[in-house]
Amino acid sequence: MRKVSSTPSEQTDHVEMAMSRRVEELDAELSRDFSLPRDTEAGAQRTVSRLGHFASVMSKWTDAFVELELGTGATIASCVADELAGRSQLLEEIKRFDASLITGPMCEERQYWTPIGRSALSGEAPTEGRFIVPHTERAAAVKPFEFGLYTSTANAAGVSMWRAFLGPGGSLRLPLPRYTWMLEIDKEITVAEIGSATAWVNFVSSHPRVVGECVFPDWSDIAQSVDAVHFTLPAIAAAQGFCFRTSLGIIPAAFWDVETTFWLRWCFSHAHGVESASV
């Protein structure tokens, strides 16, 4: 087991070193192929593997892993996290071919839903009747699973980051069947863009739900002003697994893993099946 530093300054150094190591792990994918794609189509296909690699690296940073490596409640200054994540060459390459995944805004025409669990087994399309809106009676959560809907943006090759992570034939953790749906937005929408760890801290601080010493997003309040919240790759690279201190308390660690749009309202007219993989 890794020994976690005991003094605040040593702990800060240790967390920043871990963040730098994360960037190195993200960029390791680039060292395997020095050739650059010469056209948009080739770049889009290359990006699929880049997205899968990003998700694979980030998925390692679970709460158990962070606690083992850095101790409980590892914190980092959001500006430092953003500066370190901003050094990633992988993010720069993805930006060349799919800028919306890096800088936003969310691409409305390419929102894909790939369910897991019971929805994946049934092969049922998402419907408004099954959509659960946030309300204050729900337990406070940084990333809720009891309401809302999560989508991931398909890249130019038609593969979303979540789907790229699962792989063409599913994964050992999440076996087949696998269904993917493209959701058609039927109204003008308002989307909050989270493009950095600092943006995440400011967003939560603007819609706080304080529970003890912790500050959570007040999703019910957020739903009054926006339809969805879009988390870009730089925000995830900088914030995944880290807590952030604010004047109201500590924002607990979030684990978004992949580029994500979290829908707080049902904004869709149709769900078009784009993949059905059962064997």
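Residues numbered from 1 in each chain as written. Predicted model: local features only at pLDDT ≥ 70, side-chain atom pairs only at ≥ 80, totals over all residues. Heavy atoms only, no water.

(A) Broad picture of the pattern of salt bridges. Overall, the coordinates contain nine salt bridges when judged by the stated rule. The closest approach of N and O atoms between Glu-69 and Arg-21, which form a salt bridge, is 3.0 Å. In this pair, Glu-69 sits in helix 3 (residues 63-70) while Arg-21 sits in helix 1 (residues 8-27), placing the two residues 48 residues apart along the sequence. Judged by relative accessible area, Arg-21 falls into the partly exposed class, the value being 26%. Of the charged contacts in the structure, one is a salt bridge between Asp-227 and Arg-265, with a shortest N-O distance of 3.1 Å. With Asp-227 in the loop between helix 10 (219-222) and strand 7 (228-231) and Arg-265 in the loop between strand 10 (260-263) and strand 11 (268-277), this residue pair connects regions lying 38 residues apart in the sequence. Residue classification places Asp-227 among the buried positions, given a relative accessible area of 3%. Through salt bridges with shared partners, a single network forms among Lys-187, Asp-227 and Arg-265. (Salt bridge = Lys/Arg side-chain N within 4 Å of Asp/Glu carboxyl O. Helix = DSSP H or I, 4+ residues; strand = E, 2+ residues; numbered from the N terminus. Buried < 20%, exposed > 50% of the residue type's maximum accessible area, 1.4 Å probe, protein only.)

(B) Region of the structure containing the packing of aromatic side chains. Counted by the stated rule, this structure contains 15 aromatic pairs. Where Trp-219 meets Phe-262, the ring centres are 5.0 Å apart and the plane angle is 90 degrees; that geometry is what we call edge-to-face. Of this pair, Trp-219 sits in helix 10 while Phe-262 sits in strand 10, and the two are 43 residues apart along the sequence. For Trp-219, a relative accessible area of 4% gives the class buried. Assessed through its relative accessible area of 0%, Phe-262 is described here as buried. (Phe/Tyr/Trp six-rings, centres within 6.5 Å; stacked < 30°, edge-to-face > 60°.)

(C) Highlighting the nonpolar core. In this structure, Phe-54, Trp-200, Trp-219, Val-229, Phe-231, Leu-233 and Phe-244 are the most contacted members of the largest nonpolar core, which totals 62 residues. Other than its neighbours up to four places away in sequence, Phe-244 contacts Ile-76, Ala-77, Ser-78, Ala-197, Trp-200, Val-201, Ala-238, Ala-239, Gly-249, Ile-250 and Ile-251. The next biggest cluster of nonpolar side chains, apart from the first, holds 14 residues, and it includes Met-106, Trp-113, Trp-263 and Phe-268. (Core = buried A, V, L, I, M, F, W, Y, C linked by side-chain atoms within 4.5 Å. Contact = heavy atoms within 4.5 Å.)

(D) Quick look at the pairing of strand 6 (residues 214-217). Bridge count between strand 5 (residues 208-211) and strand 6: four bridges; the pairing is antiparallel. For Val-210, the partnering residue across the bridge sits in strand 6 and is Val-215. Between strand 5 and the antiparallel strand that follows it, strand 6, lie two residues; Gly-212 among them carries a positive phi value of about 65 degrees. (Pairing = 2+ DSSP bridges.)

(E) How the structure looks around the environment of Leu-101. Structurally, the position occupied by Leu-101 is in helix 6 (residues 100-103). The class for Leu-101 is buried, based on a relative accessible area of 1%. Each C-alpha atom of the pair Leu-101 and Ser-152 lies 9.4 Å from the other, and the pair is 51 residues apart in sequence. What Leu-101 contacts, discounting residues up to four positions off in sequence, is Leu-51, Ile-94, Thr-153, Thr-232, Leu-233, Pro-234 and Glu-259.

By themselves, these are just geometric observations and shouldn't be taken as functional.
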